[in-house]
Amino acid sequence: MNTILYRNLANAIVVARVILIFIVIALFESPSSVSRMMALGLLVIAALSDWFDGYVAEKCKIVTVVGGMMDTLGDRLTENLLFIFFACKQAIPVYVPLFFVTRSFLADFIRSLNFQKGMTTFGFHASVWGKRLVSSRTSRALYLCMKFTVFLLAAFWLMACSMETVFTTELTEKVREAAGLLALAAVIFSFVRFVLLVFDSREALRESFGK
C-alpha cells in the first residue's frame, strides 16, 4: 500500500464519516419513510466509524498529533451538523446546538493554546477529575454514546413521523421527549468537561493573557 495512503488511513475514515453525515441529512430531508430508514442505518454506521478510526490508528501504529486533531475536527463537524439539523427539525431544543457550537469553538481555542506548548489533545489534563471525566477512555466513550444516542432518538423520531400508520403519535412524542432529556444530560456533562478543560489549561491561559 502507498505509504502516504497508509499513514492517512484513519484520517480518510474521519473524512468519510463527515461526508456520510451530509448524506444522512440529505436522506432525512426526504419525506419518504424508506429514505429516512436508510438515513437511520447510515447514522449507525457513522457512529461506529467514530470508534473505528481510532482502532485503525492504534492497530496500524499510525497514531499522530495531526491524526488526533483530525479526529477532533471530524467530531466537531459531525456533532454540530447533526445538532443543528435536528434542532431545525424540532427533534431537540434549539439551545442544544447553540451550546455545543459555542462550546466547541471555545474548547478548540483553548486546546490550540496548549498545542503551542507541545501538548497533545488530552495530554494537558493533570487534575484527577480532568483525567477521569475528560481524557479517560471511559468518559470519552460515555460522552460519545450520549451524543449519538440523542442523534439516534431524534433520527428515529423523524423516521416515525413519516410512518404515522405504524407508530402512534404518543410513541413519537415520548421518543422526542427522551431525546430532549438526554440532550440536556449531554449539555450538562459537556459543561462539566469544559470547566475541567479550562481548569487544566490555566497555565496556558495565564501565559497567553497574563503577560
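In what follows, the structure referred to is the one given above.
None of these values were measured; they are calculated from a predicted model.

Here is what the cut-offs are and how they apply
- Residues numbered from 1 in each chain as written.
- Predicted model: local features only at pLDDT ≥ 70, side-chain atom pairs only at ≥ 80, totals over all residues.
- Heavy atoms only, no water.
- Core = buried A, V, L, I, M, F, W, Y, C linked by side-chain atoms within 4.5 Å.
- Buried < 20%, exposed > 50% of the residue type's maximum accessible area, 1.4 Å probe, protein only.
- Helix = DSSP H or I, 4+ residues; strand = E, 2+ residues; numbered from the N terminus.
- Contact = heavy atoms within 4.5 Å.
- Axes fitted to C-alpha atoms, helices over the stretch in contact; angles between N-to-C directions.
- Parallel < 35°, antiparallel > 145°, perpendicular 65-115°, else oblique.
- Nonpolar A, V, L, I, M, F, W, Y, C, P; charged D, E, K, R; others polar.

A. Geometry of the nonpolar core. With 39 residues, the main nonpolar core has Phe28, Leu43, Phe86 and Ile92 as its most contacted residues. Secondary structure elements with two or more residues in this core: α2 (9-28), α3 (33-59), α4 (65-88), α5 (95-115), α7 (137-161) and α8 (169-200). Here this core gets 11 residues from one element, more than from any other, and that element is α7. Apart from residues lying up to four places away in sequence, leucine 43 is in contact with Ile21, Val24, Leu82, Phe148, Phe151, Leu152 and Ala155.

B. Just the environment of phenylalanine 115, in detail. Summarising the element assignment, phenylalanine 115 is placed in helix α5. Look at phenylalanine 115 and you get partly exposed, because its relative accessible area is 24%. Between the C-alpha atoms of phenylalanine 115 and methionine 69, which are 46 residues apart in sequence, the distance is 10.0 Å.

C. The arrangement of the packing of α5 against helix α9 (residues 202-209) in detail. In contact at an axis separation of 9 Å, α5 and α9 are set at 85° when each is read in the N-to-C sense. The pairing of α5 with α9 is recorded here as roughly perpendicular in orientation. The residues of α9 that touch α5, namely those facing Phe109, Ile110, Leu113 and Asn114, are Ala204, Leu205, Ser208 and Phe209. Within the contact of α5 with α9, the residues separate by chemical class into six nonpolar, two polar and no charged.

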